[in-house]
Amino acid sequence: MELSIFQDKELAQKILQGIKREAERIGREVKLMHVCGTHEDTVTRSGIRSLLPENVKVMSGPGCPVCITPAEDIATMMEIMRMAKEEGEEIILTTFGDMYKIPTAMGSFADLRSEGFDVRIVYSIYDSYKIALKEKDKLVVHFSPGFETTTAPAAGILKEAIDRGIENFKIYSVHRLTPPAVEALIKQGTVFDGLIDPGHVSTIIGVKGWEYITTEYGVPQVVAGFEPVDFLMGVFMLLRMIRKGEVKIENQYTRVVKYEGNVEAQKTIKALFDVVDAKWRALGVIPKSGLELKKEYKDYEIRTFYKVKPPELPDLEKGCICGAILRGLALPTQCPLFGKKCTPRNPVGPCMVSYEGTCQIFYKYGALF
Amino acid sequence: MCLAMPAKVIEIKDNVAIVDFGGVRREARIDFVKDVKVGDYVIVHTGFAIEKLDEKAALESLKAWEEVMKAMEE
């Protein structure tokens, strides 16, 4: 399949010309926000901010599910591991590579492993499930973060575990929903003229899942893919709408995203999870933004078996501005700790840890902007 | 963690496919893309194919953009 055209320099130049013309005709500052770590990667890696006209600003919102996972949930899971050990139960804890390193005032899962606990990094919840199938005498718990794109695989695997009656596999769900976070930012006063919707979250929820942000809050949106040409086209389409005064939602990523999304995945998520109010690290409690397993499947949630009171922990270290970065109010270079006290080797805040964290992406590609 | 990648389906057995990410082969669950066939391209996220990649739609979108850009130049 020859789709390298989406990285094509000439096509990108052409779109940039279009962007410049639209920006000139708009004639004022335009703030666009995206809410996806992979979009930030495309923007920063391709130097897109430096190519855009001066009056077009791209902000990065809460696009990293690992960054927004509450510190107290990580600490609670660590306490569950300790409690289980005292009771003589062996738990294998699995999670993703970036989640493993996220710092809290009580340490990280990496620290837990250095204490001698069995903590393993997996690429997929499927890998975690396969460990459970193999090591039947141990309990395997997957600490399961992620937005809709990761929730779908979690729901798929859980469904199979439930159908097959696999009892030694459980999760700690810290799944979160993306549109309610955007809604919360709007309500809290983050102002932006257009939203670039995350392509892969949209693969699951469809264009349909975002529509209410346009109809209820008057924000133009474009669902965009992840190649440089995709993102530039997304910017162009938004600017064109803004210039014409149109308030619509358009789909740039038609090669993957359908209007109705992946209905099968939505059905499975809905069958297993209930939508609840949930805390986001550095953003507070966001109504109807979290997912917890339905009552009838509570046996697959580790917190059903270990009652640990979540410790009170600060969301962020003093001086860390991950909160403002996640709200789309600041970029990493505005942080006094960025690149000095806070680096990927010694991260102070969550946005410097994850591959999808805005700070790590800025650090990795040189933070030229 | 959220990095979803296109991959080519090489082999299918029940609800698990072997997919090829430009040379690297891995297993991917296909629970959510039921009508997928060997040779199709899929978007894979944390071990799950979450959608098929539609080449025709991709090429059509390029054509549609070209028309918009042309109209703007006039």
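Note on numbering: residues in each chain are counted from 1, in written sequence order. Starting at A for chains and at 1 for ligands, labels are handed out in the order in which the entities are written. Confidence filtering applies because this is a predicted model: local features only for residues at pLDDT of at least 70, side-chain atom pairs given and counted only at 80 or more, and all residues used for totals across whole chains, interfaces and linings. In computing side-chain properties, one takes all heavy atoms of the structure into account and sets aside hydrogens as well as water.

An unreviewed UniProt entry lists chain B under the name HypC/HybG/HupF family hydrogenase formation chaperone, with Thermococcus aggregans as the source organism. UniProt positions are given in the numbering used here, feature names are shortened, and annotations may be inferred rather than shown by experiment. We quote the UniProt Sequence similarities (unreviewed entry) comment for chain B here in full: "Belongs to the HupF/HypC family."

Chain A is annotated in an unreviewed UniProt entry as Hydrogenase formation protein HypD of Thermococcus aggregans. Check the Sequence similarities (unreviewed entry) section of the UniProt entry for chain A; it says "Belongs to the HypD family."

Pulling in residues and values, what's your account of the state of the cysteines?
Residue and element names in this part refer to chain A. Any two cysteine sulfur atoms within 2.5 Å of one another count as a disulfide. One pass over the structure, following the stated rule, counts 1 disulfide over all chains. The disulfide partner of Cys-64 is Cys-67, and the S-S distance across this bridge is 2.4 Å. The chirality of the disulfide connecting Cys-64 with Cys-67 is right-handed, given an S-S dihedral of about 80 degrees. By the burial criterion, Cys-64 is buried, and Cys-67 matches it. Unpaired in this structure, Cys-359 has its nearest cysteine sulfur neighbour in Cys-322, at a distance of 4.7 Å. For the exposure calls, accessible area comes from a 1.4 Å probe over protein chains only, and a residue counts as buried if that area is under 20% of its type's maximum, exposed if over 50%, partly exposed in between.

Could you give me a rundown of the nonpolar core, with the residues and numbers involved?
Counting residues in hydrophobic clusters, the biggest one holds 139 residues, and the most contacted among them are Met-77, Phe-109 and Phe-169 of chain A. Considering every element that reaches this core, the biggest residue donor is helix α12 (residues 228-244) of chain A, with 11 residues. Apart from the residues within four sequence positions on either side, Phe-109 of chain A is in contact with Ile-74, Met-77, Met-78, Leu-93, Thr-95, Met-99, Tyr-100, Val-119 and Phe-143 of chain A. Among buried residues, the Ala, Val, Leu, Ile, Met, Phe, Trp, Tyr and Cys ones that are joined through side-chain atoms within 4.5 Å form a nonpolar core. Ranked by size, the runner-up nonpolar core spans 12 residues in total, among them Phe-21, Ala-28, Val-42 and Val-44 of chain B. Strands here mean DSSP runs of E at least two residues long; helices mean DSSP runs of H or I at least four residues long; both are numbered from the N terminus. In what follows, a contact means two residues having at least one pair of non-hydrogen atoms within 4.5 Å.

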